[in-house]
Amino acid sequence: MDFAFSNSFHASMEGFYAPAVAARPSAPALLAFNHALAKRLGVVVGKATDQLLGHFLSGLELPEGANPLAFAYAGHQFGQFSSQLGDGRALLLGEIIAPGGARFDIQLKGSGPTAFSRNGDGKAAIGPVLREYLVSEAMAAMEVPTTRSLAAVATGDQVQRERTHPGAVLTRVASSHIRVGTFQFFAAHFGADHVIRLSNYTIRRHFPELVEAANPHLALLDRVIGLQCELVARWMGVGFIHGVMNTDNVAVSGETLDYGPCAFMDRFAVNTVFSSIDANGRYAYGRQPQITHWNMARYAEAMLPAIHAVNPADVDAAKALVDAIPARFRAIWLDEMRAKLGLGQPHKADEPLIDSLFGELEQHAVDFTSFFRALAQLLRGDGDMLQALLPDAEAMAPWIADWWAQLEREAIAPLERADAMDAVNPLYIPRNHLVEAALVAAEAGDMAPWTELLQVVQNPYVERAEWAAFAQPAPVDADPYKTFCGT
Ligand code: AMP
Ligand code: MG
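Quantities reported herein were computed from a predicted structural model and do not represent experimental measurements.

S.K.: In this structure, what is going on with the pairing of strand 8 (residues 148–160)? I would like to understand it.
M.R.: On a regular strand, each side chain points to the face opposite its neighbour's, so the side chains alternate between the two faces of the sheet. Where strand 2 (residues 29–33) lies against strand 8, four bridges are found, and the strand directions are antiparallel. Counted as the bridge partner of L30 is V153 from strand 8. Where strand 8 meets strand 9 (residues 164–174), nine bridges bridge the pair, whose relative direction is antiparallel. From the neighbouring strand, V153 faces strand 9, where its bridge partner is V169.

Printed below as a string of structure tokens:
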């Protein structure tokens, strides 16, 4: 297998990482390989057998040109600042340039301890690895910006968590692993020079057009804020709950990063939280926009030395950018919701309609994903799906009437509108009960349910009769779903 690595970080960013060596897995075995992604990235598989892929993508053998290293970073975890985190269970194999010219990091996650592991073992268990693979690929299929998954390899070793689990390594692909916490690390330990270097590197790598800005660091802050608002609006639109929105898990590229205890909401409840470690609901569904505001304020703080160095007066501009986040987010989120509801051009009457939807969904415990598909069915003259989601025929009737009235402002044929809605509202998401069943089977050695679920969530929009069960909400009497970190 050939990655044709083209590494840039280690040469220009000395001091921002530590060299790393992967642990030797005792019996690597390929669990999954993303051939479509490999092709898009220009990664040449050639005649490599699954066995050989397993060797390269577990850390047993180093592919040609790899230069493994672990990044340093800090971060606010549940609001508390930790000045020393860093990749404790991940190592960058190297960077590649895909056929379109875009640069990507290829990282192994769960490949053993690094200089930043503190007391951790540097390993990952098979369940969280396969969860990240599945959910990140589902997100990509829904066009939510995200890191991707190239492979999952069982190591043949046991990993000790609350009990022992089979170990595994995930090959993660990201447009970079530069986090808000990366900036925080250098702001906290070294000050302006290092922040400027990292900012310049980030601009060259992700946003070269900003080099010409009067204050490129301020322009970077503006861009990162915009991307985070867009990302979280997409999360809200698909009912995704990240679960650990610590600043070390926020990628400045605007990609969803670090899938841990994440999950999708079933029945709508704004305070939904699945993570067992989030007792206070800091990262609940409805809090994700506020947390983004908070995280971007921390990012602005880390960027201030660089912004100030170019022009001290721009510190006020940075503050204004942060203060504007709630309004900026809301505008993007309203667009997201308009598309989901089949509303066309913005109109003042659609804001109260959108705002009042969530109380209705919560009151009637409506399955969030199915609801938007049911609205499209209604446009096709079929009210059965909606009725099945609601407790009685009158539930939500006034809201539905109001929605219908809003639609009539624009002369778009109902069928055309229904198709447009179905193209943005997924029918198949990684539903918690399905993910759980697939992971339990995989841990017991049966990959078939996981492989089938992956195929379903990679095709989220077009209904298929044989996949009917995958669109069903969890049984009403299912236990409350809990997710655990321990990737
Ligand atoms: P996370 O909550 O997954 O974002 O991880 C927070 C920090 O802990 C990151 O620096 C991780 O690299 C590190 N970490 C998490 N699990 C482990 C582990 N098993 N071994 C070493 N470091 C870990
Ligand atoms: Mg993390």
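S.K.: Would you explain the domain arrangement of the chain in this entry?
M.R.: Frequently, the measure chosen for interface size is the accessible area that the parts lose on association. Segmentation of the chain into domains returns domain 1 (8–174), domain 2 (180–334) and domain 3 (342–487). The gap between the C-alpha centroids of domain 1 and domain 2 is 23 Å. Taken together, the contacts link 37 residues of domain 1 with 36 residues of domain 2. A per-residue breakdown of the area domain 1 buries against domain 2 is headed by F16, H76 and F78, which together make up 23% of the total.

S.K.: Sorry if this is basic, but what is going on with the site of ligand 1 here?
M.R.: Surrounding ligand 1, one finds 17 residues, the nearest of these being G86, G88, R89, G122 and N249. R89 places a polar side-chain atom, nitrogen or oxygen, 2.3 Å from an oxygen atom of ligand 1. Between G122 and ligand 1, the recorded distance is 2.8 Å, taken from a backbone N or O atom to a nitrogen atom. Coverage of ligand 1 by the protein chains reaches 84% of its 480 Å² of free accessible surface.

S.K.: Would you take a moment to explain the packing of helix 6 (residues 192–206) against helix 8 (residues 288–310) for this structure?
M.R.: Packed helices, taken two at a time, are described by their axes: the angle between them and the distance between them. Where helix 6 meets helix 8, the axes come as close as 8 Å, and the angle between the chain directions of the two elements is 90°. Judged by the inter-axis angle, helix 6 sits roughly perpendicular to helix 8. Judged by residue contacts, A192, V195, I196 and S199 of helix 6 engage A302, M303, P305, A306 and A309 from helix 8. Per-class residue counts for the contact of helix 6 with helix 8 are eight nonpolar, one polar and no charged.

S.K.: I tried to follow the packing of aromatic side chains on my own but got confused; where do I start?
M.R.: Each pair of aromatic rings is reported with the distance of its centres and the angle of its planes. Inspection of the entire model under this criterion finds 26 aromatic pairs. Considering the side-chain rings of W403 and W404, the 5.8 Å spacing of their centres and the 80° angle between planes classify their relative orientation as edge-to-face. Classification of W403 as buried rests on a relative accessible area of 0%. Taken together through their ring pairs, the aromatic side chains of F268, Y285, W333, F358, F368, F371, F372, W399, W403 and W404 make up a single cluster. Over the ring of W294 we find R298; its NZ or CZ atom is 4.5 Å from the centre of that ring.

S.K.: Mind showing me how you'd approach the nonpolar core here?
M.R.: General note: in soluble globular proteins, nonpolar side chains tend to be found buried as a group. Within the largest apolar cluster, 130 residues are counted, with the highest numbers of intra-cluster contacts made by F183, Y299, L357, F371, W399 and W403. Setting aside residues up to four positions removed in sequence, W399 forms contacts with L341, L353, S356, L357, E360, F371 and L375.

S.K.: Just checking my understanding: could you explain helix 15 (residues 414–422) for this structure?
M.R.: Since the α-helix advances by 3.6 residues per turn, residues separated by three or four positions end up pointing in the same direction. For helix 15, the set of buried residues is R417, A418, M421 and D422. Buried residues of helix 15, viewed axially, fall in a sector of 135°; they line one side. Pointing more than 90 degrees away from the buried face of helix 15 are the exposed residues L415 and E416. Lining the buried residues of helix 15 we find helix 10 (325–341), helix 12 (368–379) and helix 14 (397–407).

Parameters and conventions
- Per chain, residue numbering runs from 1 following the sequence as it is written.
- For this description, chains carry letters from A and ligands carry numbers from 1, given in the order in which they are written.
- At least 70 in pLDDT is required for a residue's local features to be given in this predicted model, at least 80 for side-chain atom pairs to be given and counted, and no such filter applies to totals for whole chains, interfaces and linings, which use all residues.
- No hydrogens and no water enter the side-chain calculation; it runs on all heavy atoms of the structure.
- At least two DSSP bridges between two strands are required for those strands to pair.
- In this text, helices come from DSSP runs of H or I with a minimum length of four residues, and strands from runs of E with a minimum of two, each type numbered from the N-terminal end.
- For each domain, the first and last residues come from an automatic or database assignment.
- Contacts are residue-level and defined by heavy atoms, with any inter-residue pair within 4.5 Å sufficient.
- Two parts placed together each lose some accessible area under a 1.4 Å probe, and the buried area is that loss summed for both.
- Whether a residue is near a molecule or strand is decided by its heavy atoms; if any one of them lies within 4 Å of it, the residue is near.
- Under this definition, polar contacts are N or O atom pairs within 3.5 Å; protein pairs additionally need one hydrogen-donor-capable and one acceptor-capable atom, and for neighbouring residues in sequence, both atoms have to be side-chain atoms.
- Residue exposure ignores everything except the shown protein chains as possible cover, and the areas themselves are Shrake-Rupley values with a 1.4 Å probe.
- For helices, the fitted axis covers only the stretch in contact; all axes are lines through C-alpha atoms, and the angles between them, taken along N-to-C directions, range from 0 to 180 degrees.
- Small angles under 35 degrees read as roughly parallel and large ones over 145 as roughly antiparallel, with 65 to 115 read as roughly perpendicular and the rest as oblique.
- Gly is put with the polar residues, along with every residue not named as nonpolar or charged; the nonpolar set is Ala, Val, Leu, Ile, Met, Phe, Trp, Tyr, Cys and Pro, and the charged set is Asp, Glu, Lys and Arg.
- Pairing of aromatic side chains here covers Phe, Tyr and the six-membered ring of Trp, requires ring centres within 6.5 Å, and sorts the geometry by plane angle: under 30 degrees stacked, over 60 edge-to-face, intermediate tilted.
- Burial classification: accessible surface area is computed with a 1.4 Å probe over protein chains only, and a residue below 20% of its type maximum counts as buried, one above 50% as exposed, and the rest as partly exposed.
- In this analysis the charged atom, NZ for Lys or CZ for Arg, is taken to sit over a ring once it is within 6 Å of the ring centre and within 35 degrees of the ring normal.
- Among buried residues, those of type Ala, Val, Leu, Ile, Met, Phe, Trp, Tyr and Cys that are joined through side-chain atoms within 4.5 Å constitute a nonpolar core.
- By construction, the arc corresponds to the directions joining the helix axis to the C-beta atoms.

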